[in-house]
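The chain contents come next:
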Amino acid sequence: MLARCLFAAALVVGSVSSAYAQVEGPKMFGKTADGKPVEVYTLKNKNGIIVKVMTLGATITEINVPDKKGKFANVVFGFDDVKGYESKDNQYFGCTVGRVANRIAKGRFTLDGKEYKLAINNEPNHLHGGVKKSLDKVVWNAKIIPPHPQRGGFPTLQFLYTSPDGEEGYPGKTDVRVTYSLRDRNVLFIDYYAVADKATPINLTNHSYFNLAGAGAETVLDHELQIEANKYVPVDQTLIPTGKVEAVKGTVFDFTKTTRIGERIEKLYETGAKGYDHCYALTRPEKRGEISLAAKMRDPKSGRVLEVITSQPGVQLYTGNFLFGQKGKDGKTYKQRSGVCLETGGLPDAVNQPTFPSIILRPGQTYRHTCVYAFSVE
Ligand code: GLA
């Protein structure tokens, strides 16, 4: 009874807390160019970690974590206002990407004998779900879900979006749910679910750009990285897979042992990717569906560590090669290779690559994907 009263009281003040971690909001963040209100929520835990997520694109706008001396900094890219997020300077900062993250060759695929055509927004290919109504560009419905034992007793911030049949050229009405849950042991759970009423491809991810020295710091080339993958997906000049999955051993792609990101990156400067923009096929000892470590990254100066854990077969390493010094949040500048994305998901262009794990979701099935960002210091 007491619990019920406390819970009701918490709902009234717009904040729900478990032992420590809590979600607060919503607060007005601004309006989209077409007048839709955008709200922001704040997740906090007992160690003072703060994560902010907004309804436009179910986007992470801030992650504040301490360094080895206990000094907090925001480690992800963002903008001060909605206008920034809607501008050309926004290269998917922190957003939920879909319906299909990464590239689809020539913006075409055939499913059950029918050909589908998508927007070509990254010549000559389709990238990250399209132009107008890709999941990063729509306003989602948000709700705080109170603590539940199944979620470790922590509250969850839930985002829902229904993408109508044919939106951005993708078949089937698709209901998408993304939840964020910050735990007291400094981990942020992101859980994705989707169901569709027709067979459709789906590959969701989060596109946060990290700089563990603090967003706006010069470079990520000094970050140390380890990826749990013996294999990666080679790509052509337009970043479309060649169809093979090859061994990283003896190549610039080998991060099986902790290596500085900048150690061998220069060898890729003349390629279409201009650095790392490659998917790793994760070595997964566990059963499919269970989560395991994908990558561990550390900034030696601040000591901040990020571990990325996932249930998915791949992680895209993107070293911010196409950043161009745009101005972001708090007056910071995001130079080329000053942010790194570790995008968990399926392998790129899986819809056209018969040997890659299928990303087709059929009626009656549920797409599930867990991505965990775990923060610590070393
Ligand atoms: C992805 C792609 C990159 C780039 C960024 C956005 O991660 O793989 O090539 O397009 O998104 O700029």
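Before reading on, note that the structure itself is shown above.
Analysis parameters
Residues numbered from 1 in each chain as written. Predicted model: local features only at pLDDT ≥ 70, side-chain atom pairs only at ≥ 80, totals over all residues. Heavy atoms only, no water. Helix = DSSP H or I, 4+ residues; strand = E, 2+ residues; numbered from the N terminus. Rg over C-alpha atoms; globule rule 2.2 N^0.38 Å. Buried < 20%, exposed > 50% of the residue type's maximum accessible area, 1.4 Å probe, protein only. Contact = heavy atoms within 4.5 Å. Areas by Shrake-Rupley, 256 points an atom, 1.4 Å probe, with all protein chains shown as cover. Near = heavy atom within 4 Å. Polar contact = N/O pair within 3.5 Å; in protein donor to acceptor, adjacent residues only side chain to side chain. Nonpolar A, V, L, I, M, F, W, Y, C, P; charged D, E, K, R; others polar. Pairing = 2+ DSSP bridges. Disulfide = S-S within 2.5 Å. Phe/Tyr/Trp six-rings, centres within 6.5 Å; stacked < 30°, edge-to-face > 60°. Core = buried A, V, L, I, M, F, W, Y, C linked by side-chain atoms within 4.5 Å.

Peer 1: How would you explain the overall build of the protein chain if you had to name every residue and give the values?
Peer 2: Across its full length, the protein chain holds two helices and 30 strands. For the protein chain, the C-alpha radius of gyration of 20 Å lies close to 21 Å, the compact-globule estimate for 378 residues. When the backbone C-alpha atoms are referred to their principal axes, the protein chain occupies close to 60 × 50 × 45 Å. Classification of the 378 residues of the protein chain by burial places 56% in the buried group. Long-range contacts, defined as pairs at least 24 residues apart, comprise 65% of the intrachain contacts of the protein chain with a sequence gap of at least 6. About 16,100 Å² of surface is accessible on the protein chain, with carbon and sulfur atoms providing 52% of the total.

Peer 1: With reference to specific residues and values, describe the site of the ligand.
Peer 2: As a matter of local geometry, the ligand sits amid 13 residues, with R103, H128, H207, D277 and E343 nearest to it. In the environment of the ligand, an oxygen atom lies 2.6 Å from a nitrogen or oxygen atom belonging to the side chain of R103. Measuring from an oxygen atom of the ligand, one finds a side-chain N or O atom of E343 at 2.8 Å. Burial of the ligand by the protein amounts to 96% of the accessible area it has alone, namely 300 Å². For the shell around the ligand, the class distribution of residues is six nonpolar, four polar and three charged.

Peer 1: A description of the pairing of strand β5 (residues 59-66) should follow, citing residues and the corresponding values.
Peer 2: The element β5 is extensively covered by neighbouring structure, given that seven of its eight residues are classed as buried. As defined by bridge partners, strand β4 (residues 50-54) adjoins β5 across five bridges and the pair is classed as antiparallel. The residue bridging K52 from the neighbouring strand is E62, located in β5. Connecting β4 to the antiparallel partner β5 that follows it, the hairpin turn spans four residues, and G57 within it adopts a positive phi of roughly 70°.

Peer 1: Which residues make up unusual backbone geometry, and what values go with them?
Peer 2: Of the consecutive residues G98 and R99, the connecting peptide bond is found in the cis state with omega at 5°. Checked against the element boundaries, R99 lands in the loop between β7 (96-97) and β8 (103-104). A cis amide bond, omega -5°, links E123 with the succeeding residue P124. Unlike most non-glycine residues, H128 shows phi in positive territory, near 50°. Looking at where H128 falls in the secondary structure, it is placed in the loop between β11 (126-127) and β12 (141-148). The class of H128 is buried, set by a relative accessible area of 5%.

Peer 1: Give a description of the sheet that holds strand β28 (residues 341-345) that names residues and reports values.
Peer 2: The five strands lie next to each other as β20-β19-β22-β25-β28, forming an open sheet whose pairing is antiparallel. This sheet does not close on itself; its edge strands, each paired only once, are β20 (246-247) and β28. Two strands pair when backbone bridges link them, and strand β25 (residues 314-318) and β28 are joined in this way by five bridges, in the antiparallel orientation. Bridged to V315 within β28 is T344.

Peer 1: Give a description of the sheet that holds strand β13 (residues 154-163) that names residues and reports values.
Peer 2: The strand order across the open sheet formed by nine strands is β12-β13-β14-β15-β30-β24-β23-β18-β21, and the pairing between neighbours is antiparallel. Where the open sheet ends on each side, the last strands, each with one partner, are β12 and β21 (259-260).

Peer 1: I'd like a rundown of the state of the cysteines, residues and numbers included.
Peer 2: One pass over the structure, following the stated rule, counts zero disulfides. The structure places no disulfide on C341, whose sulfur is separated from the nearest cysteine sulfur, that of C95, by 9.1 Å. C341 supplies the cysteine sulfur nearest to C371, a cysteine that is in no disulfide, at a spacing of 12 Å. For C371, a relative accessible area of 1% puts it in the buried group.

Peer 1: For the side chain of K329, give the residues involved together with the corresponding values.
Peer 2: Checked against the element boundaries, K329 lands in the loop between β26 (326-327) and β27 (333-334). The buried category is assigned to K329, whose relative accessible area is 9%. Looking at K329, its side chain comes within polar contact range of the side chain of E62, at 3.0 Å. Not counting residues up to four positions away in its chain, the partners in contact with K329 are T61, E62, N74, G78, F79, D80 and Y334.

Peer 1: Let's hear about the packing of aromatic side chains: which residues, and what values?
Peer 2: One pair of aromatic rings is described through two measures. These are the centre distance and the angle between the planes. Scanning the entire structure with this criterion turns up 19 aromatic pairs. With 5.0 Å between their ring centres and 75° between their planes, F93 and Y209 make a pair best called edge-to-face. One end of the pair, F93, is in the loop between α2 (82-86) and β7; the other, Y209, is in the loop between β17 (205-206) and β18 (224-227), and 116 residues separate them in sequence. Take F93 and Y209: they sit in the same class, and that class is buried. On the basis of an interplanar angle of 75° and a centroid distance of 6.1 Å, the ring pair of F253 and Y276 is categorised as edge-to-face. Remark: Y276 occurs in the loop between β21 and β22 (277-281) and F253 occurs in the loop between β20 and β21; sequence separation between them is 23 residues. Pair check on accessibility: F253 and Y276 agree, each one buried. Ring-pair connections join several aromatic residues into one group, and the members of that group are F29, F77, F79, Y85, F93, Y209, Y318, F322 and Y334.

Peer 1: How would you summarise the nonpolar core if you had to cite specific residues and measurements?
Peer 2: With 62 residues, the main nonpolar core has Y180 and Y280 as its most contacted residues. Ranked by the residues each element gives to this core, the list is headed by strand β15 (residues 187-196), at five residues. Apart from residues lying up to four places away in sequence, Y280 is in contact with I227, A229, K231, Y232, V248, F253, F255, P313, G314, V315, L317 and L347.

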